[in-house]
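Structural description and commentary
Okay, here's what each chain looks like letter by letter:
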Amino acid sequence: MTSTDLNRHDPAGTDPAEAHLDAAVATVDLAAFRRNVELLVATAAPAEVMLAVKANAYGHGMLPISLTALEAGATALAVLEVSAGLELRAAGIGVPLFAWLHGRDTDFKAAAESKIDVGVSAVWQLEAIAKSGARVPARVHLKIDTGLSRNGASAEDWPELVTTALHLESQGFLEVYGAWSHLADASTSDDEIALAKFTIAVEVAESLGATFEKLHLAASSAGLRMPKARFDYVRFGIAAFGISPFDDVDGQGLGLEAPMTLSAPVIAVSDLDAGHGWFGGLEYDLAEPARLALVAAGFGDGVQSPAADTAEVLLGGERRRIVSLGVDRMLVDADDLTVAAGDTVVLFGSAERGEPTAEQWAAHADSIGDEIVSSVAPRVPRRYIN
Ligand SMILES: *Cc1c(COP(=O)(O)O)cnc(C)c1O
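Note that the structure is a prediction, hence the values are computed from the model and not measured.

For the structure on display, the rule yields six aromatic pairs. Grouped by ring-pair contacts, the aromatic residues Phe33, Tyr58 and Phe241 constitute a single cluster. The ring of tryptophan 124 has arginine 104 sitting right over it, with the charged end atom 4.2 Å from the ring centre. Sitting above the plane of the tyrosine 177 ring, arginine 139 keeps its charged end 3.7 Å from the centroid.

This is how it looks when you write it as structure tokens:
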């Protein structure tokens, strides 16, 4: 049957025979991830690694990634919200957990009682902690804003944050345990200024009577390139997922591997006439007759539509253009390829295997690799190997 027949009979691509075909899958190679973490642990030493597993571990799956990171030498996990920390505790993870994004409904009582350290950037958060009714003191890390202005106490507000925390500590509500900040990673000179601000803030706090068990400032970028910013913990995130935080080198250049491979099966292949038409519910415009593969992945799976105009996928061993993108499907140029339904298309994966990478997709989407991997939709099953 030619594509035109196919389209005539099935313009919406709703052939029930498709139903049994698999959809997109994200395969996560835990061994590759483990090697990345081992490399980062060795790089940061003697600082420890607090691995950032926010955003469902940048789309890779929080729990398997957390367990693997700990096997590989990370000694703490950074989780964004208290609720995510509670999930890790419920799964039996006992290492220090750090949560720093709080709303009015954050459960500080559960945080304290589950020994989840909390990052604190404002007096209202200290007050909420004191009022939470927890049976044990909350362990807090005070945050100074060093330029990112995302949150954190400004230099003016910092002394009040510190003295309020010390007062509540003396009343048994909390323990002042750490001081921290987050770098904007805008440029080396910005990071130098931020580091200086951080150091001054710590001195100010100490002059007010605080003692800190742990200091932490660096994420992937400064953790790799700014040794003096490593302090006690480096909160590595994206580098552990094989993606470079820098513009001048990619993950592979840093010796990192991409743990995630996003792939999808070919559903149908058809030789189409020139002109405008439909195949599998997707619109195409062909200047010349062409062979197209209908592939089971679309923007509903997190494929970035801005990238799709120029990004390429790996089909039949070759890099091929995306001709059209829909919610659940895409059309890929399959000219001169011997491919058939059931063949696998790799959207992004490992540079070592010659696959397009999330970083290359990011370049096509005018985005960053973090967003490409984190955007893989929840409906896409994560399959863990190794
Ligand atoms: C996201 C985040 C990290 C990790 O950052 P990367 O650049 O991905 O390494 C560390 N700390 C905080 C506070 C973060 O929000």
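Bringing the site of the ligand into the picture now. Near the ligand there are 13 residues, and of these Lys54, Tyr58, Ser220, Arg235 and Gly237 occur at the shortest range. A distance of 2.6 Å is found between an oxygen atom of the ligand and a side-chain nitrogen or oxygen belonging to tyrosine 58. Within the backbone of isoleucine 238, an N or O atom sits 2.8 Å from an oxygen atom of the ligand. Protein coverage of the free-state accessible area of the ligand, which is 380 Å², stands at 93%. Residues of the shell around the ligand, tallied by class, amount to seven nonpolar, three polar and three charged.

Within the largest apolar cluster, 114 residues are counted, with the highest numbers of intra-cluster contacts made by Leu51, Leu142, Met330, Leu347, Phe348 and Trp361. The two domains that each donate at least three residues to this core are domain 1 (75–235) and domain 2 (260–385). When neighbours within four sequence positions are excluded, leucine 51 is seen to be in contact with Phe33, Val37, Ile65, Ala69, Ala74, Ala76, Leu77, Ala78, Phe236 and Ala240. Formed by 12 residues, the second largest nonpolar core is a distinct cluster that contains Ile267, Leu294, Ala296 and Leu331.

We note that the domain assignment places domain 1 (75–235) and domain 2 (260–385) within the protein. Here the C-alpha centre of domain 2 lies 42 Å away from the C-alpha centre of domain 1.

Here we take up the pattern of salt bridges. Evaluation of the coordinates by the stated rule reveals 14 salt bridges. In this structure, the salt-bridge partner of glutamate 113 is lysine 109, at a minimum N-O distance of 3.6 Å. Residue glutamate 113 and its partner lysine 109 are located together in helix H6 (residues 108–113), separated by four residues, close to a single helical turn. Judged by relative accessible area, which is 28%, glutamate 113 ranks as partly exposed. Residue class for lysine 109 comes out partly exposed when judged on its relative accessible area of 32%. Between arginine 135 and glutamate 113 there is a salt bridge, and its shortest N-O distance comes to 3.4 Å. A residue pair is termed long-range when its members are at least 10 positions apart, and arginine 135 in the loop between helix H7 (123–131) and strand E6 (138–143) and glutamate 113 in helix H6 qualify at 22 residues. Salt bridges linked by common partners bring Lys109, Glu113 and Arg135 together as one network.

Right, let's talk about the UniProt feature "domain: Alanine racemase C-terminal" (unreviewed entry) in the protein for a bit. Sites flagged by UniProt as "domain: Alanine racemase C-terminal" (unreviewed entry) map to residues 259–385. Summarising residues 259–385: 14% helix, 43% strand, and an end-to-end C-alpha distance of 10 Å.

Let's shift gears to the pairing of strand E17 (residues 344–348). Across the five residues that make up E17, a large majority, four, are buried. Two elements, strand E10 (residues 260–272) and E17, share four bridges in a ladder whose sense is antiparallel. Bridged to alanine 264 within E17 is valine 345.

This part takes up the UniProt feature "modified residue: N6-(pyridoxal phosphate)lysine" (unreviewed entry) in the protein. The residues that UniProt annotates with the feature "modified residue: N6-(pyridoxal phosphate)lysine" (unreviewed entry) are Lys54. In this structure, lysine 54 sits in helix H3 (residues 54–58). What makes lysine 54 partly exposed here is its relative accessible area of 22%. Leave out the neighbours within four places in its chain, and lysine 54 touches Ala78, Leu80 and Trp100.

Right, let's get into the packing of helix H4 (residues 62–71) against helix H5 (residues 82–90). For the pair H4 and H5, the least separation of the axes is 11 Å and the interaxial angle reads 65°. Judged on the interaxial angle alone, H5 and H4 are roughly perpendicular. Seen along the crossing, H4 lies across H5 with a hand that is right-handed. The segment H4 lies against H5, with Met62, Leu63 and Ser66 engaging Ala84, Glu87 and Leu88. Class assignment for the residues of the contact of H4 with H5 results in four nonpolar, one polar and one charged.

Next up on the list: helix H2 (residues 30–44). Over its 15 residues, H2 extends 21 Å from the first C-alpha to the last, a length consistent with the 21 Å expected when each residue adds 1.5 Å. Turning to H2, its buried residues are Leu30, Ala31, Ala32, Phe33, Asn36, Val37, Leu40 and Ala44. Of the surrounding secondary structure, the elements contacted by the buried residues of H2 are strand E1 (25–29), strand E2 (48–52), H4, helix H10 (220–225), strand E9 (233–234) and strand E18 (382–385). With a side-chain oxygen positioned 3.0 Å from the backbone nitrogen of alanine 31, the residue opening H2 is aspartate 29.

Definitions and limits used
Residues numbered from 1 in each chain as written. Predicted model: local features only at pLDDT ≥ 70, side-chain atom pairs only at ≥ 80, totals over all residues. Heavy atoms only, no water. Phe/Tyr/Trp six-rings, centres within 6.5 Å; stacked < 30°, edge-to-face > 60°. Lys NZ or Arg CZ within 6 Å of the ring centre and 35° of its normal. Near = heavy atom within 4 Å. Polar contact = N/O pair within 3.5 Å; in protein donor to acceptor, adjacent residues only side chain to side chain. Areas by Shrake-Rupley, 256 points an atom, 1.4 Å probe, with all protein chains shown as cover. Nonpolar A, V, L, I, M, F, W, Y, C, P; charged D, E, K, R; others polar. Core = buried A, V, L, I, M, F, W, Y, C linked by side-chain atoms within 4.5 Å. Buried < 20%, exposed > 50% of the residue type's maximum accessible area, 1.4 Å probe, protein only. Domains from an automatic or database assignment. Contact = heavy atoms within 4.5 Å. Salt bridge = Lys/Arg side-chain N within 4 Å of Asp/Glu carboxyl O. Helix = DSSP H or I, 4+ residues; strand = E, 2+ residues; numbered from the N terminus. UniProt positions renumbered as here; feature names shortened; annotations may be inferred. Pairing = 2+ DSSP bridges. Axes fitted to C-alpha atoms, helices over the stretch in contact; angles between N-to-C directions. Parallel < 35°, antiparallel > 145°, perpendicular 65-115°, else oblique. Left-handed = near helix turned anticlockwise from the far one by under 90°. Expected span 1.5 Å × (residues − 1).

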